Amino acid sequence: MARGHRSRRQTRKPPLDPTLTASYELSLDNTPYSPKKFSADAISADRRRLYRDPVPLPTCDAPSAIPALNEDATLDWLGHSDGVFEPPQIGAGAPDPFFLESDPEAGEGDGVLPLEEGATRYMTSDEPMKLWISRRDVYLGELLRHDGRGCYGRNRCESCPDGVDGGSANIRCLDCLSDAHVCSTCAVQRHVHNPWHRVQRWEGRAYEATTLRALGMVVRLGHGSDRSQCSNPILRPSFTVVDLNGRHVISVQFCGCDKAGNAGDHVQQLLRRRLYPATDVEPNTAFTFSLLAHYHIQSLQGKISMYDYYTSVERLTDNTGTQRVSDRYRAFMRVVAQWRHLKRLKRSGRGHDPAGVEGTQAGELAVRCPACPRPNINLPSNWATVSDDLQYLYMLTVAVDACFRLKRRMVSNETKDPILGSGWGYFVEDSCYKEVLAEYKDQEEISTCTGLSAIDHANTKYSKGYAATGIGAVVCARHEFWLPNGAGDLQKGEKYINMDYVFVSSMRDWLVVKKLVSYDIACQWSKNIVERISKLPSHLQIPVPEGSISYVIPKLHYRSHEILDHSQYSLNYRLGCARTDGEGIERRWWWIQPIANSTKVMGPGMRQGMLEDQWGYSNWRKTVDLAWTLSSRLKEAEREYQEHKSLFDALTATLDPDRCREWEGEVEAWEANPAGHDDPYVVVSQGLTESETARELSKEEQAASALPGFVAVHSVSMLGFVTLGLEIEAQQRHLSDDAKAAIPSRLSELYERRTSLRRKVQRFRDLQGVYMPAASLILSEDPACRTDVQEVERIRLGLPSEISASRRSAICSPRLLEIEARLREGQCRSALQDLRGKLHTIHQLYSYKRLNVRNQGPNTRARAGIAHQECGKDLAVRRYRCARRAKLALSGPGDWEKELQVLEDGDIRGLEEDDPLSVKSKRKRRRGDVQDPAEGRRRMSWIWHSADKDGASDMIDSLRVEWLKVRARQMRWAEEVKLLPEEMRRVLATYRYEHQVWMSRSAAPPSTDPALKEGMVSYAVRQARIRSAMAQVFRRICLPVAESSSPSAVQDWDCEGWCVGSEGQEIAAEQEGLELMDYLMISQLDGEDLGT
């Protein structure tokens, strides 16, 4: 759950009732007050904002007529002293406007109506712009003042030493706080430690840009510690430095004397002055650390592209086009890639390891989830021996998915743009990955689930011109952390080999723990996965004991799958899933998608480095926010558990205990072995579809024809006659739709279809004379039944259901009526099944288009596919409505209507859609509205409910499913209440482990250089203090919530001796008032290393 500490919730004070002022003399004299200038002020609870509510005063021609307020009736406008307010009445019998009129229809209550929520008005947010508008001239004048010398109009420099004749004071600095004008010599001396400042020279009437180099400044390197003069300086008169305020050309002196050994080579001399060289050999360009750190955080948080950022810096140098500016963009790209890589190495402790950078292990540069189970780090000693009902507490939950937005065009190569540390972070090792992929051909497996197209289209996705069509990844489903070695490029769609390789690579650190894997095509992907893993190279094969991995479908995607036999993949019904939704990876794709256009045109090394850097930043921000995330989840879980437990107990109390025990036994058997038992969460329809009904009727006719004395009146049976009529009716619907949208080039085809259909109608008329002879006269007289018309799709067939009830029995035989009635009932079920399939498909196509389709061509094709499915949906709706009207005409009202209800427009919606009759769906969502839950409080359309044939069984079976769902909901919330304190404990255990690791690194830095050794110790101690401070903040925020939920769960939360502040003192225990300050403190503790 996202936190927003910057917008702390404030309790809005209700506006004062204007009628409160009607009975009081507020004026001290007879001067009338303007109502618009009178207001009542109130200060917010945190004393940060002022609420100002206007109180209009009534106009009154005779002020003396208003009773004055005596001393005893003194009223505090912001709070009554005695809690009672009784204003005197203006006139006898006048109603008191202070009290609300009671509703005689309402029950007992407090009589207070809720105030309508509105936008909070603050003085600080509404008024300043209005005040500023009237003072624009003042602001504009002050801006223009800076284009002159302002208060510094002296001609002689006052900064020159005593006894020295001051030079001309015509130089000012645009970056220093003071606008004081000094001479050239003093300007250089003032900027010895600020050589990147921009200066201007006053030329009598205006300023002209100049540089410190032009004034004589030379930046000397290599002697910063002893400030001695170099005896053999190496001058670079035109050295380029790019800083936050633009590009600078300076004069640089490198040390070349006998002290150069201590000063280092040219690259080291630059780095020790916080300048990053563009090249490692004879550098002539450098970028300041400040610039790199600033761009780094801007790219991570703001997702600004490298090109836009560097162009902005160049515009600060010259935005007029009158100066020739050397392009350093390529050098900037190269330096940023190196900077990102070095920062990740530094944070992971590679500088403290004697093995150095080359000793980095697979996935070591990734920021890991502190709340996920990690053996030997944050799990208790008995975690592997707990009872079966508690094993979910130590289960790893991951989500697998692919994103087709993160493409990469076929530009550059690894020779020109090498991958820095392949396999050290979130991507799999590249060379081995490509070798394995080269051994596999196109996939042949096709998904059998309605609406799923990921595997189905694996071989046909557009991939020409792309080196990668997307990325497959694995994340922690509970906390949305990207997993080490859990990402890999997709070459041509979402193939099994890609996803298998990425999944296996990410699971190598969790071989001994049970795993719950969420994937939107888990029902298909999980088939034969053990066999596929066994065929991978030996170093990739992982043990998969039976029952060690469970597969589920994310909650949102679950609705796009078939219902029957899919409950075993539902996160709502599987044991141990708690309240995991499995959609966290989709939120992570949404978070990363702003940089998709930038990474699309990058080389392999630059793209991979940028994505891994973004994912590391995402993981770190999740780590910082984890205290608030878990505490808010636990508060919600405790509240929801109590509510759902009460609902379950209340429902159970109304049912037969023996029946509840029977249902519970059945569902427990299914939970233990879902594949070996029927799905208890689905009511299977016992009714026959149209084709099944036709088969049953055909068998009955065959049996009847075998009886003695049977005489066939025609070569086409009665069933064939009715079936032909229904077939013609369906073709008429299709032809009518096609005729409306026909274009000139398709008219000939339309005429051919009409001719073919006319022949069938004429044949039907011949059969009608055999099985409905009494209707021939009526059909010949009805103009709508004539066959000699051009638009044959408008001909009325005259089926038994179309004949009025008063004349139907005289024209049609009972057997004919029975056949059509049964076929119509089956037709209704078939139409509903088709409608549900179309809704599944449309939802999946929309989701796929939203997530993966870009550009005009693919969008056009996607919209065409959706439009085609929409047409199919409309046909299914019309087919159902027509069949139901016929069934109602033939059979009349009955129990069949419980299953085959009237299909309203509002009923035609997918499982993922809210009830259109709900209030919130009719208006725009307001701030503070709670999003409707996906399970338990949604009003599902009746089309998704199947029913048994018999009414009594229908009631019991539906009640059983509802009881099981209520039971499952309270069980998932109960699991969440138990799981969250365990996750909190694991976070503290992980912080303690990382604290110990960094302290051990500070104790034995692998360097003999005193300065480098001191830096290593300082950095390690600072990292250890950060973990200590984060643990203390986490403990203070989560401990009260966990104690109120389960006091026994916090007994192991021991932070004594290491969980202290950065100065060795315990952080104050004020929770609510200091949460925001602690959050900001954490963000500042590490400075450059928390995201820059």
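Owing to the predicted nature of the structure, the values given are computational and were not obtained by experimental measurement. (Residues numbered from 1 in each chain as written. Predicted model: local features only at pLDDT ≥ 70, side-chain atom pairs only at ≥ 80, totals over all residues. Heavy atoms only, no water.)

### Thoughts on the sheet that holds strand β14 (residues 470–476)
Then, in step 1: If you trace the five strands from one edge of the open sheet to the other, you get β15-β14-β11-β16-β17, paired in mixed fashion. Single-partner strands in this sheet number two, and they are β15 (482–490) and β17 (549–552). Each neighbouring strand pair of the sheet contributes to a mean axis angle of 20 degrees, computed without reference to strand direction.
Then, in step 2: Two elements, strand β16 (residues 515–519) and β17, share four bridges in a ladder whose sense is parallel. Directly across from S518, in β17, lies its bridge partner V552.
Then, in step 3: The strands that helix α11 (residues 496–506) touches are β11 (396–403), β14, β15, β16 and β17; relative to β15, the one it contacts most, it runs at about 160 degrees. (Pairing = 2+ DSSP bridges. Helix = DSSP H or I, 4+ residues; strand = E, 2+ residues; numbered from the N terminus. Axes fitted to C-alpha atoms, helices over the stretch in contact; angles between N-to-C directions. Contact = heavy atoms within 4.5 Å.)

### With respect to the pairing of strand β4 (residues 199–202)
Then, in step 1: The sheet contact formed by strand β3 (residues 171–173) and β4 spans three bridges and is antiparallel. Counterpart to C173 in the pairing with β4 is V199.
Then, in step 2: Strand direction decides the pairing type here: β4 and strand β5 (residues 207–210), joined by four bridges, are antiparallel. For Q200, the partnering residue across the bridge sits in β5 and is A209.

### What to know about the packing of helix α15 (residues 584–592) against helix α17 (residues 604–624)
For any two helices packed against each other, one specifies the crossing angle of their axes together with the interaxial distance.
Then, in step 1: The interhelical angle for the contact between α15 and α17, taken along N-to-C directions, is 120 degrees, at an axis separation of 11 Å. Classified by the interaxial angle, the pair formed by α15 and α17 is oblique. The handedness of the crossing between α15 and α17 comes out as right-handed. Between α15 and α17, the residues in contact are R588, W591 and I592 and L611, Q614, W615, Y617, S618 and K622, respectively.
Then, in step 2: Taken together, the residues of the contact of α15 with α17 break down into five nonpolar, two polar and two charged. (Parallel < 35°, antiparallel > 145°, perpendicular 65-115°, else oblique. Left-handed = near helix turned anticlockwise from the far one by under 90°. Nonpolar A, V, L, I, M, F, W, Y, C, P; charged D, E, K, R; others polar.)

### As for the nonpolar core
Then, in step 1: Counting 86 residues, the largest nonpolar core has F503, W525 and F1034 as its most contacted members.
Then, in step 2: It is helix α29 (residues 1010–1045) that contributes the most residues to this core, 10 residues altogether.
Then, in step 3: Leaving out residues up to four positions away in the same chain, F1034 has contacts with L626, A627, L630, M984, V987, L988, Y991 and L1039.
Then, in step 4: Listed in part, the 40 residues of the second largest apolar core include A278, V336, F427 and W589. (Core = buried A, V, L, I, M, F, W, Y, C linked by side-chain atoms within 4.5 Å. Buried < 20%, exposed > 50% of the residue type's maximum accessible area, 1.4 Å probe, protein only.)

### Some remarks on empty space enclosed by the protein
Then, in step 1: Tallied over the entire structure, the rule returns five cavities of 30 Å³ or more.
Then, in step 2: In this structure, the largest cavity spans a volume of roughly 80 Å³.
Then, in step 3: Around the largest cavity, the lining residues are C372, P373, Y392, M395, T397, C476, R478, H479, G576, L979, E983 and R986.
Then, in step 4: The greatest single-element share of the lining of the largest cavity, amounting to three residues, is contributed by helix α28 (residues 951–1003).
Then, in step 5: Across the lining of the largest cavity, the residue classes break down as six nonpolar, three polar and three charged.
Then, in step 6: By volume, the second largest cavity amounts to about 50 Å³. (1 Å grid on protein atoms, 1.4 Å probe; cavity = no way out; pocket = protein on both sides within 12 Å on 5 of 7 lines; lining within 4 Å. Points joined across faces, edges and corners; volume = space filled by probe spheres on them.)

### Quick notes on the packing of helix α20 (residues 690–705) against helix α21 (residues 718–740)
Then, in step 1: Relative to each other, α20 and α21 sit at 160 degrees, their axes nearing to 10 Å. Taken together, α20 and α21 sit at an angle that is classed as roughly antiparallel. Packed against α20, whose contacting residues are E690, A694, L697, S698 and E701, the element α21 presents M718, L719 and L726 at the interface.
Then, in step 2: Split by residue class, the contact of α20 with α21 holds five nonpolar, one polar and two charged.

### Focus on the packing of aromatic side chains
Then, in step 1: Overall, the coordinates contain 28 aromatic pairs when judged by the stated rule.
Then, in step 2: Here the aromatic rings of Y295 and Y309 are separated by 5.0 Å at their centres, their planes lie at 55 degrees, and the arrangement is tilted. Linking Y295 in helix α7 (residues 289–302) with Y309 in helix α8 (residues 306–317), this pair joins segments that are 14 residues apart in sequence. Comparing Y295 with Y309, the two get one shared label, buried.
Then, in step 3: Arranged with centres 5.3 Å apart and planes meeting at 65 degrees, the rings of W482 and W589 form a pair that is edge-to-face. Of the two residues, W482 is situated in strand β15 and W589 in helix α15; the sequence distance between them amounts to 107 residues. W589 carries the same exposure label as W482, and that label is buried.
Then, in step 4: Each residue in the set F287, Y295, Y307, Y309, Y310, Y329 and F332 is aromatic and connected to the rest through ring pairs, giving one cluster.
Then, in step 5: Lying over the aromatic face of Y207, R172 brings its terminal NZ or CZ to 3.9 Å of the ring centre.
Then, in step 6: Above the plane of the ring of W591 lies K303, whose end atom (NZ or CZ) is 3.7 Å from the centre. (Phe/Tyr/Trp six-rings, centres within 6.5 Å; stacked < 30°, edge-to-face > 60°. Lys NZ or Arg CZ within 6 Å of the ring centre and 35° of its normal.)

### Focus on the sheet that holds β4
Then, in step 1: In space, the three strands of this open sheet follow the order β3-β4-β5, with antiparallel pairing throughout. The two strands at the open ends of the sheet, each matched to only one other strand, are β3 and β5. Taking the axes of each pair of neighbouring strands and ignoring which way they run, one obtains an average angle of 35 degrees across the sheet.

### A look at unusual backbone geometry
Then, in step 1: In this model, S412 sits at a positive phi of 55 degrees, which is unusual for a non-glycine residue.
Then, in step 2: Among the residues examined, S412 registers a relative accessible area of 42% and is labelled partly exposed.
Then, in step 3: One non-glycine residue with positive phi stands out, namely A578, at about 50 degrees.
Then, in step 4: Looking at where A578 falls in the secondary structure, it is placed in the loop between α14 (555–558) and α15.
Then, in step 5: Exposure remark for A578: the relative accessible area of 0% places this residue in the buried category.

### Some details on the pattern of salt bridges
Then, in step 1: In this structure the tally under the stated criterion is 46 salt bridges.
Then, in step 2: With a closest N to O distance of 2.1 Å, R661 and D658 form a salt bridge. Of this pair, R661 and D658 are both found in helix α19 (residues 657–672), three residues apart, which corresponds to roughly one turn of the helix.
Then, in step 3: Among the ionic pairs, E897 bridges to R884, the shortest N-O distance being 3.2 Å. Of the two residues, E897 is situated in helix α27 (residues 896–899) and R884 in helix α26 (residues 856–891); the sequence distance between them amounts to 13 residues.
Then, in step 4: Taking the relative accessible area as the measure of exposure, E897 reaches 26% and is therefore partly exposed.
Then, in step 5: Overall, the relative accessible area of 9% leaves R884 in the buried class.
Then, in step 6: Linked by salt bridges that have partners in common, E480, D581, R587, R588 and K622 make up one network. (Salt bridge = Lys/Arg side-chain N within 4 Å of Asp/Glu carboxyl O.)

### A short note on the layout of surface pockets
Then, in step 1: What the second largest pocket holds in volume is close to 1600 Å³.
Then, in step 2: Put simply, the parts of the chain that give the lining of the second largest pocket at least two residues each are α6 (266–271), β9 (275–277), α9 (329–347) and α29.
Then, in step 3: The element contributing the most residues to the lining of the second largest pocket is α9, with seven residues.
Then, in step 4: Residues that form the lining of the second largest pocket fall into these classes: 14 nonpolar, seven polar and 10 charged.

### Focus on the confidence of the model for the chain
Then, in step 1: Across the chain, the average pLDDT comes to 80, with 78% of residues at 70 or higher.
Then, in step 2: Note on residues 1061–1092: pLDDT under 50 across the span, and 72 contacts to partners over four residues away in sequence or across chains. (pLDDT = per-residue confidence, 0-100.)

### Observations concerning the side chain of R824
Then, in step 1: Here R824 shows up in helix α25 (residues 814–852).
Then, in step 2: Accessibility expressed as a relative area gives 1% for R824, which makes it buried.
Then, in step 3: A polar side-chain atom of R824 sits 2.8 Å from a polar atom in the side chain of E729. (Polar contact = N/O pair within 3.5 Å; in protein donor to acceptor, adjacent residues only side chain to side chain.)

### Observations regarding the environment of R156
Then, in step 1: Among the secondary structure elements, R156 is positioned in the loop between α3 (136–145) and β3.
Then, in step 2: Among the residues examined, R156 registers a relative accessible area of 46% and is labelled partly exposed.
Then, in step 3: For the pair R156 and H181, spaced 25 residues apart in sequence, the C-alpha to C-alpha distance is 8.8 Å.
Then, in step 4: Those residues within four positions of R156 in sequence are excluded, and the remaining contacts are D165, G166, G167, S168 and A169.

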